[in-house]
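Listed here are the chains, written in short residue letters.
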Amino acid sequence: MTSPIQPRLADLDEKLFMPRELSWLRFNDRVLQEAADPTVPEIQRLRYLGIFSNNLDEFFRVRVAEVRRLISVSRGNTRQQAKDLLTAIQDSVVASQRDFERVYNEVMKALQRRRIYMINERQLEPNQAEFVQSYFTTTVLPELDPILFYEGQAIPVLNDESLYLAIDLVAADRHTYAVVEVPTDRLNRFVEIPRRKGKSGRVFIALDNVIRACLPQMFRGILPIEESSAYCFKFSRDAEIELDAGITESLIEKMATSLKQRQRADPVRFVYDGDMPRHLLDFLVARFDLGKYDSLIPGGRYHNSKDFMSFPRVGPKYLELKPLPTVRVPELDAANSIFENIREQDILLYYPYHPFDYVIDLLKTAALDPAVESIKICLYRVASESRVVDALLNAVANGKRVRAVVELAARFDEAANINWAQRLTEGGIEVIFGIPGLKVHSKLLLIERREQGGLRYYSHIGTGNFNEKTARLYTDFTLLTYDQTIGEDVANVFDFLKYTYKRPEYRLLLVSPHSTRPAIIEMIEAEIRNARKGHRAAITLKCNNLVDKQLSLKLYEASEAGVEVRLIIRGMCSLLPGVPGRSDNIEGISIVDRYLEHPRSYVFYNRGKPRYFIGSADLMTRNLDYRVEVLVPIFDADAQRVLQDVLDIQWHDNQKARIIDPLQKNEFVARRKKAVALRSQEAIQRYLATGKRPRYPRSNMLPAPRRG
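Quick look at the structure, then. (Residues numbered from 1 in each chain as written. Predicted model: local features only at pLDDT ≥ 70, side-chain atom pairs only at ≥ 80, totals over all residues. Heavy atoms only, no water.)

## A short note on the environment of Thr-463
Positionally, Thr-463 belongs in the loop between β16 (454–462) and β17 (474–481). Its relative accessible area of 0% is what places Thr-463 among the buried residues. For the pair Thr-463 and His-598, spaced 135 residues apart in sequence, the C-alpha separation works out to 7.4 Å. If near-sequence neighbours (up to four positions away) are discounted, Thr-463 is found in contact with Lys-443, Asp-476, Phe-477, His-598, Pro-599, Arg-600, Ile-614 and Gly-615. (Helix = DSSP H or I, 4+ residues; strand = E, 2+ residues; numbered from the N terminus. Buried < 20%, exposed > 50% of the residue type's maximum accessible area, 1.4 Å probe, protein only. Contact = heavy atoms within 4.5 Å.)

Here's what the structure looks like:
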């Protein structure tokens with residue numbers, strides 16, 4: 001897989017860019033802000049702690065691993081800059097970890113006020129200790145495989161991101177060390193135990209504390225243990241996968257081999273209990289050969305807090321966020337055929353406000369419709385129990401030709417996608433794996449249907465994956481269209497993915513790595529020209545990440561020319577809004593709330609005739625140059641209105657929006673005097689359900705063009 005290392009080296013030389021890694025850490029701090037918010041329901045606060053921890057795990061496996069590679073491939077001043085960046089990352093992570101521990105303690109106290117208790121092994125009362133002892137003997141002990149360290153013993157390979165206990169045993173006045181994996185992949189991390197006698201509420205103990213309570217039993221008959229103690233730790237390893245260029249193995253075999261190698265990859269982080277004795281810590285650091293560029297992060301007693309994401313549902317419903325009602329689309333519900341409805345008008349869906357069921361209905365209808373001849377789809381991440389896959393297999397059973405482009409290199413879903421590829425192939429589906437060096441990230445579905453006049457295309461272009469689970473958790477747009485020019489372009493994308501030597505011409509779609517970058521640059525330059533001629537000019541960009549250097553420089557140029565630039569960026573933003581003389585006309589916000597903001601939508605004022613795009617491409621070098629991505633123009637007036645209203649509602653969020661300033665301090669957008677309280681995700685649900693917009697200033701994309 002191509003790795004854009006050289007552009008990363010160039011980014012470090014610019015004073016007008018925040019390093020993407022530090023910007024990412026500011027995003028994760030926004031998640032921690034939600035956990036710290038006392039107005040958020042208590043169990044949801046706990047889940048935010050889990051999300052924060054899970055995000056940080058991936059950050060080290062991907063982002064920090066890349067910085068380490070930067071250090072290894074660079075020299076001189078550039079190498080020193082990369083080393084300084086790694087130090088800054090480590091300092092920031094340690095500070096965030098302190099904040100995490102503080103918020104964790106606050107959340108535990110809040111749960112106690114709700115009579116939900118998390119206790120440790122030292123707090124067990126007799127009836128609870130008896131339960132824990134029995135549970136350990138019957139359920140936990142059979143799952144444990146401790147490793148004792150002896151002189152000259154080979155170093156075991158420990159699993160990436162698994163939780164371990166480092167055990168310090170004192171026998172005959174000598175220290176003996178051991179490690180054991182906490183089996184959270186097979187047992188629940190949080191074990192409910194009996195409440196204290198005469199007390200009410202729900203009581204839980206962490207699985208690692210169950211093991212601590214019964215520690216000597218793991219070594220019964222082996223050592224005459226006088227004292228024992230255990231301390232949590234875990235590794236994060238480099239998640240980069242390298243595929244050998246040889247031709248003796250299939251792509252699936254190469255990927256499977258690389259996944260095994262990932263388990264032996266270099267560690268990039270060693271997180272440990274800050275109370276671990278120095279002699280035990282020194283032993284582990286030496287034994288696992290941790291170097292000076294491996295991040296050693298001290299923390300609290302508990303690690304793998306990502307398990308809080310699946311904390312049991314306990315207590316009244318008000319301890320979690322109240323679900324927002326799903327908004328049905330009457331036209332789709334009433335239509336005799338979804339194909340008929342798409343022929344009449346483009347359909348813009350917005351998950352999770354609209355149900356993903358409409359896409360499932362489209363696939364199921366296509367599977368049964370005798371007029372449908374073929375289905376083509378790009379699969380990047382699918383649900384573990386996928387109705388999308390079921391519909392595709394049913395289509396084959398009904399005589400349709402089905403082609404699925406499966407991206408084996410979807411990070412952390414590689415093993416699942418190998419299994420899906422094999423199942424699809426066994427079901428008679430033509431499976432292809434895209435293009436070496438170009439990850440296929442497009443969210444495309446193309447249905448070819450025989451109608452009067454010949455073969456006709458029904459196209460789906462989205463911002464999110466064909467995944468029922470994430471469609472309930474992420475916000476994403478989907479366009480369903482009968483536009484035959486768009487359909488021909490989508491067909492050309494699938495043709496390119498199969499016949500990689502071809503270079504199609506796209507009439508409407510913007511397709512990476514071919515046309516997305518030059519088209520976006522040209523639309524920004526058009527706004528710059530309009531501004532310099534005295535016309536009103538404006539750009540709105542909503543995406544997950546804005547870190548591409550060339551685009552950022554072009555946006556700085558636009559700001560200097562007088563173009564009004566609005567950024568709605570969920571995650572990393574290397575560009576610095578509000579820098580005097582350079583980005584005065586650029587403002588940015590980031591929204592963190594119950595749903596993960598995932599869409600990419602781009603709007604250019606275009607002299608009062610705005611151009612709207614949605615699609616899969618973030619404004620990152622990898623998305624523009626190293627992936628197959630698709631952006632589609634939105635032409636339908638109703639769809640444009642909905643898209644613009646959604647962006648305007650988000651821009652005026654004064655409850656969950658943070659300001660992106662040059663230092664990314666994560667200050668909340670202030671509520672202006674007499675302004676209504678506007679929480680965009682809840683306001684959007686009401687808007688889609690009723691058609692009524694909340695009260696906010698007029699959209700910057702609506703006024704007619706005028707000379708300044």
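What follows continues from the structure just given.
## Digging into the side chain of Arg-63
By the secondary structure assignment, Arg-63 is in helix α3 (residues 42–73). Buried charge without a partner: Arg-63 forms no salt bridge, and the closest opposite charge is Glu-66, 5.0 Å away. Excluding anything up to four places from it in sequence, Arg-63 contacts Arg-20, Glu-21, Glu-58, Met-572, Met-620 and Arg-622. (Lys, Arg positive; Asp, Glu negative; His and termini not counted. Salt bridge = Lys/Arg side-chain N within 4 Å of Asp/Glu carboxyl O.)

## What to know about unusual backbone geometry
Of note, the amide linkage connecting Tyr-351 to Pro-352 takes the cis form, showing an omega dihedral of 0°. For Pro-352, the location among the structural elements is in the loop between β10 (347–351) and α11 (357–368). The residue after Ser-512, namely Pro-513, is reached through a cis peptide bond having omega 5°. Locating Pro-513 in the fold gives a position in the loop between β18 (510–512) and α15 (516–532). Its identity as a non-glycine residue notwithstanding, Arg-607 has a phi of 55°, on the positive side. Looking at where Arg-607 falls in the secondary structure, it is placed in the loop between β23 (600–604) and β24 (611–615). With relative accessibility at 39%, the residue Arg-607 sits in the partly exposed group. Of note in the backbone geometry, Lys-674 takes a positive phi value of approximately 70° without being a glycine. Examined against the element boundaries, Lys-674 turns out to sit in the loop between β26 (657–659) and α19 (680–690).

## Some thoughts on helix α8 (residues 278–287)
Taken residue by residue, α8 has Leu-280, Leu-281, Leu-284 and Arg-287 as its buried positions. The buried residues of α8 occupy one face: seen down the axis, they fall within an arc of 140°. Projecting away from the buried face of α8 at angles above 90 degrees are the exposed residues Arg-278 and Ala-286. Backbone geometry just after α8 places Asp-289 at a positive phi near 55°. (Arc of directions from axis to C-beta.)

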